[in-house]
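Examination of the molecular architecture
Now for the letters of each chain:
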Amino acid sequence: MEIKSFVFNPFYENTYVLWDAGMEGVIIDPGCYESYEKEELTDFVKKTGIQIKAIVNTHCHIDHVLGNYDMKLAFGCPLWLPGDELEIFRAVKAYAPQWGIHQYSEAEPDRLLTEKDHIVFGETSLQCISVPGHSPGHLVFFHEGEKKLIGGDVLFRESIGRTDLPGGNHAQLLKNIQTKVYALPEETEVFPGHGPSTTVGYEKANNPFIKGA
């Protein structure tokens, strides 16, 4: 599985394109908002020859969904998002102008994901793991064979996701990191929604918010 990251929008959000040898893939958390950001993402996909099977959200805060509509339109593919994030998703359109976002278009979701689901493209399957706390329905996506985790805003390098937004729960986030994310193999590489990648083992040893298994 190949992973290409982009940093988009004023929140410096990480957008990921994942694909495998069969050149099928998904876009996770398209945060592209400005026209040049959308062009950068679409140009990469088209030049690489990836067939996008779905747009997928780990959670639905504004910085992670800004490009949903345009990428869904550009690639003619469905939008998948966590079912328990639907209320958070629907709220974006109302509060976007408060953040200076005046050209947001809401995309209609085609599939609501749960922890029982898998993200499948080509020969690749990612397990959905429910890790609420930063947001009420947050999912992370784990490739067991390659030990890679697309982690959204749960765990960052030496930090964790904020919990002061609607639906956030600090104690719940800490518990879920410890019982679900830290339960993964220590060599698991974590690709977060902001900042550089890290590993489960590094965070267990160095994260000041929550250490150990």
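Going by the structure above, here's the rest.
Residues numbered from 1 in each chain as written. Predicted model: local features only at pLDDT ≥ 70, side-chain atom pairs only at ≥ 80, totals over all residues. Heavy atoms only, no water.

Turning next to the sheet that holds strand β5 (residues 79–82). A sheet is described by the order of its strands in space; here six strands give the open sequence β1-β2-β3-β4-β5-β6, paired in mixed fashion. Of all strands in the sheet, those bounded by a partner on one side alone are β1 (2–8) and β6 (111–113). Taking the axes of each pair of neighbouring strands and ignoring which way they run, one obtains an average angle of 25° across the sheet. Two strands pair when backbone bridges link them, and strand β3 (residues 24–28) and strand β4 (residues 51–56) are joined in this way by five bridges, in the parallel orientation. The partner of I27 across the bridge, within β4, is I55. Across the sheet, helix α3 (residues 68–75) touches β3, β4 and β5, and the angle it forms with β4 is around 155°. (Pairing = 2+ DSSP bridges. Helix = DSSP H or I, 4+ residues; strand = E, 2+ residues; numbered from the N terminus. Axes fitted to C-alpha atoms, helices over the stretch in contact; angles between N-to-C directions. Contact = heavy atoms within 4.5 Å.)

On the basis of which strands lie adjacent, the open sheet formed by six strands has the order β7-β8-β9-β10-β13-β14 and mixed pairing. At either margin of the open sheet sits one strand with a lone partner, and together these are β7 (118–121) and β14 (198–199). Relative to strand β10 (residues 148–152), strand β9 (residues 139–143) runs antiparallel, the two being bridged by three bridges. Residue H143 lies in a different strand from β10, and its bridge partner there is K148.

Side chains on a regular strand alternate between the two faces of the sheet. By the bridge criterion, four bridges tie β10 to strand β13 (residues 189–192) in an arrangement that is parallel. Residue pairing in the sheet places K148 in a bridge with E189 of β13. When β13 meets β14, the two strands line up antiparallel, connected through two bridges. In the strand pairing of β14, E189 is matched with T199. Linking β13 to β14, which pair antiparallel, is a turn of five residues; within it G195 sits at a positive phi near 80°.

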